[in-house]
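Notes for the structure review
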Amino acid sequence: MKASANTAKLAPCTKPTSKPLSRAERKALLLDELEQQRVDILVDSAFLQQAAAPLDKNLQSFKLPLYLLGGVAAFRLIRHPGSVMATGRKALAGYMLFKKLKLLAKAAN
């Protein structure tokens, strides 16, 4: 998190005093620093939501097809569990083969 200009002013170690701060003064400084951090978090969260808005919008367009595919897969798994498991094993074997070939190609170069 970025430190604001106000946070640096409130740090207790920046005051050059000869006697130590009282407990009430330290508490006040810490509460001020905490409040500034809360404000910084609110500003950063608003910025994050604004920046992520296009991604959230695009995700909404994929939500219905993903639910549909998940439902079809669940229905097939319930109706024919053996065929789905065999397909899963083949997909896993294909992925592992792809990984091995990629590793061999990297070692060959």
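Residues numbered from 1 in each chain as written. Predicted model: local features only at pLDDT ≥ 70, side-chain atom pairs only at ≥ 80, totals over all residues. Heavy atoms only, no water.

Our focus in this paragraph is helix H2 (residues 23-79). An ideal rise of 1.5 Å per residue puts 84 Å on 57 residues; H2 reaches only 70 Å between its terminal C-alpha atoms. Ala53 marks the point of greatest bend in H2, at about 45°, and the proline Pro54 comes within the next four residues. Along H2, the residues classified as buried are Leu29, Gln36 and Asp40. (Helix = DSSP H or I, 4+ residues; strand = E, 2+ residues; numbered from the N terminus. Expected span 1.5 Å × (residues − 1). Bend = angle between axes of the 7 residues up to and from the residue. Buried < 20%, exposed > 50% of the residue type's maximum accessible area, 1.4 Å probe, protein only.)

On to the packing of H2 against helix H3 (residues 81-108). If you want to describe how two helices pack, look at the angle between their axes and the distance between the axes. For the pair H2 and H3, interaxial distance at closest approach is 5 Å and the crossing angle is 120°. Between H2 and H3, the crossing angle belongs to the class labelled oblique. Counting all contacts with H2, which are made through Arg76, Leu77, Ile78 and Arg79, the residues of H3 involved are Pro81, Ser83 and Val84. Taken together, the residues of the contact of H2 with H3 sort by class into four nonpolar, one polar and two charged. (Axes fitted to C-alpha atoms, helices over the stretch in contact; angles between N-to-C directions. Parallel < 35°, antiparallel > 145°, perpendicular 65-115°, else oblique. Contact = heavy atoms within 4.5 Å. Nonpolar A, V, L, I, M, F, W, Y, C, P; charged D, E, K, R; others polar.)

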